[in-house]
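# Residue-level structural notes
One letter stands for each residue in the lines below.
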Amino acid sequence: MALIVQKFGGTSVGTPERILNVARRALETQREGNSVVVVVSAMSGVTDNLIKLAKAVSPAPTEREMDVLLATGEQTTIALTAMAINAMGGKAVSLTGAQAGILTSGVHTKAKIENIAPRQIRNHLKDGQICIVAGFQGQTLEGRITTLGRGGSDLTAIAIAAALKADLCQIYTDVDGVYTCDPRVVPEAKKIDIIAYDELLEMASSGSKVMQSRSVEFAKKFNVPFEVRSSFNNNRGTIVKEEFIGLENVVVRGISIERNQAKVTITNVPDRPGTASRFFTALAEANVVIDVIVQNISVSGSTDISFTMNADELEKLGGLIDRVASDVGAGEVIKKSGIAKLSVVGIGMRSHSGVAATLFECLGAGGVNIQMISTSEIKIAVIIDEERIEQAARLAHEAFGLSA
Ligand code: ADP
Ligand code: ASP
Ligand code: MG
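The paragraphs below set out a description of the structure included in this document. (Residues numbered from 1 in each chain as written. Chains lettered and ligands numbered in written order. Predicted model: local features only at pLDDT ≥ 70, side-chain atom pairs only at ≥ 80, totals over all residues. Heavy atoms only, no water.)

## What about the overall build of the protein?
The line we're drawing: The way it works is that DSSP assigns letters per residue, a run of H or I at least four long becomes a helix, a run of E at least two long becomes a strand, and they are numbered from the N terminus. Just to be clear, the radius of gyration here is over C-alpha atoms, and the globule rule we use is 2.2 Å times residues to the power 0.38. Burial classes follow relative accessibility: with a 1.4 Å probe on protein chains only, a residue under 20% of its type's maximum area counts as buried, one over 50% as exposed, and anything between as partly exposed. In this analysis, two residues are considered to be in contact whenever any of their non-hydrogen atoms come within 4.5 Å of each other. In short, Shrake-Rupley with a 1.4 Å probe defines the accessible areas, and a residue's cover is counted only from the protein chains shown. Counted charges follow a simple rule, with Lys and Arg positive, Asp and Glu negative, and His plus the chain ends left uncounted. Throughout, a charge is located at the NZ atom of Lys, the CZ atom of Arg, the CG atom of Asp or the CD atom of Glu.
Within the protein, the secondary structure is distributed over 12 helices and 18 strands. On C-alpha atoms alone, the protein measures out to a radius of gyration of 23 Å, which is about the 22 Å that the 2.2 N^0.38 rule sets for 404 residues. Burial statistics for the protein: of 404 residues in total, 50% are counted as buried. The long-range share in the protein, meaning contacts at least 24 apart out of those at least 6 apart in sequence, stands at 74%. With an accessible surface of roughly 18300 Å², the protein has 50% of that area assigned to carbon and sulfur atoms. Distance between charge centres in the protein, computed from 41 positive and 44 negative side chains, equals 5 Å.

Laid out in structure tokens, this is it:
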């Protein structure tokens, strides 16, 4: 008898009919002789609506209350899913994150999982019950409700699979698996049969929202292989696992895009030790995640520094950067939104040359101007105008032969 963890995302539980579909799948899996744990998200749109409701009553709700509110989305789905299974003659029990034993840090709205004690899950499984666990939520040692960041049900599923040493972890979503690019952007994108943790991690953290990036990081750390597949059909999905033979034969595995970025350029920054740290320490203290950073060569004792971040975060910063610039005696601060990032990812890049050349050539031929470039061992990313991002994704997809 195998132990199987199945996670269903928002669209897959978006209507009563779809919840019934999830119930049927879980029952079928159990009737094939397996123990089944199902992790569910809030019904599609519910979490966004809860955030809107909060903003309607308070301009800056406390994060503690935000988590109490957001956790209700998943709590609705676990009860409905368990009811559906019971109505079909099966045996199911719903469990909140806390009841499932998910212990987290106290950083509300982006808590980290610190421990999982799945005692209740184990007991219910022993009784032949299907356990329906609320994704995205946990509890602190003091009993405060927390959430794990947007898309966090993926993390719940992977973490529970790790804690229970499950034989199989399946992530059911509204596409057939991980594609070479978001199929909504590049219709020719192809499903990837097998991908390494590191590749999906780079894709997820550079905008491919098919999996929450923290969940992939967790899967890599605890070596939890999983499958991403559709809840609407029985097609085989994408297997995500550690590196495998033949991995390096494919140079580019996939392309990610990330919209809604902003670029800040500070001109005439005095070129002396410690100046850059003044800016980035202030930004770190404001909890802002900085992405690409470029510093120009120094001309007559001063230099220009540019960096990118999420556009909403820049807005929240107000005049912080301008104040630091004035303190250190720098020149102008130029802020530009309406930019986006395109990343090409593949472990094969480690052993192949010419990837940057191919990327820059295809973007150049399409008249797409590159504003910044950043690279890692397995990724090349460019910052471009947001209005060009879909065109750029299609150009790169074609240039790397990903539709073939
Ligand atoms: P769920 O609600 O099941 O968690 P998400 O909306 O979080 O689903 O993720 C699925 C969506 O991710 C797809 O509908 C697709 O538009 C988007 N997506 C972005 N990049 C990719 C990619 N490379 N492969 C597949 N889907 C992707
Ligand atoms: N409901 C949460 C969200 O919308 C978590 C999830 O769906 O994974 O972000
Ligand atoms: Mg998701």
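## Notes on the side chain of glutamine 212
Rules: In the analysis that follows, any N or O atom pair within 3.5 Å is treated as a polar contact, provided that within protein one partner can donate a hydrogen and the other can accept it, and provided that, for residues neighboring in sequence, both atoms belong to side chains.
Within the fold, glutamine 212 resides in the loop between α6 (197-205) and α7 (213-221). Within polar-contact distance, the side chain of glutamine 212 engages the backbone oxygen of leucine 148 at 3.2 Å. Of the polar contacts made by the side chain of glutamine 212, one reaches the backbone oxygen of arginine 150; its length is 3.5 Å.

## Observations regarding the sheet that holds strand β18 (residues 379-385)
Stated precisely, the cut-off is as follows: When DSSP finds two or more bridges between a pair of strands, those strands are recorded as paired. Axis definition: a line fit to C-alpha positions, over the contact stretch in the case of helices; interaxial angles, taken between N-to-C directions, run 0 to 180 degrees.
Spatially, the 6 strands line up as an open sheet ordered β14-β15-β13-β16-β18-β17, and their pairing is antiparallel. Pairing within the sheet leaves two strands with one partner each, and these edge strands are β14 (293-295) and β17 (372-376). Direction aside, neighbouring strands of the sheet carry axes that sit 25° apart on average. Here strand β16 (residues 333-345) pairs with β18 via 7 bridges, running antiparallel. Looking at the pairing, isoleucine 339 lines up with aspartate 385 of β18.

## Side note on the pattern of salt bridges
Selection rule: Any Lys or Arg side-chain nitrogen found within 4 Å of a carboxyl oxygen on Asp or Glu counts as a salt bridge.
In the structure shown here, the tally under the stated rule is 18 salt bridges. Arginine 144 is the salt-bridge partner of glutamate 142, the closest N and O atoms lying 2.8 Å from each other. On the basis of relative accessibility, which here comes to 26%, the residue arginine 144 falls in the partly exposed class. Several salt bridges converge on common partners, so that one network encompasses Glu243, Glu248, Arg350 and Glu377.

## Describing the sheet that holds strand β6 (residues 130-134)
Strand order in this open sheet of 8 strands is β3-β6-β2-β1-β9-β11-β12-β10, and the pairing throughout is mixed. Every other strand in the sheet has two partners, leaving β3 (92-95) and β10 (194-196) as the edge strands with one partner each. Pairs of neighbouring strands in the sheet enclose a mean axial angle of 20°, with direction left out of account. With 6 bridges connecting them, strand β1 (residues 3-8) and strand β2 (residues 35-40) associate as parallel partners. Within the sheet, the bridge partner assigned to lysine 7 lies in β2 and is valine 39.

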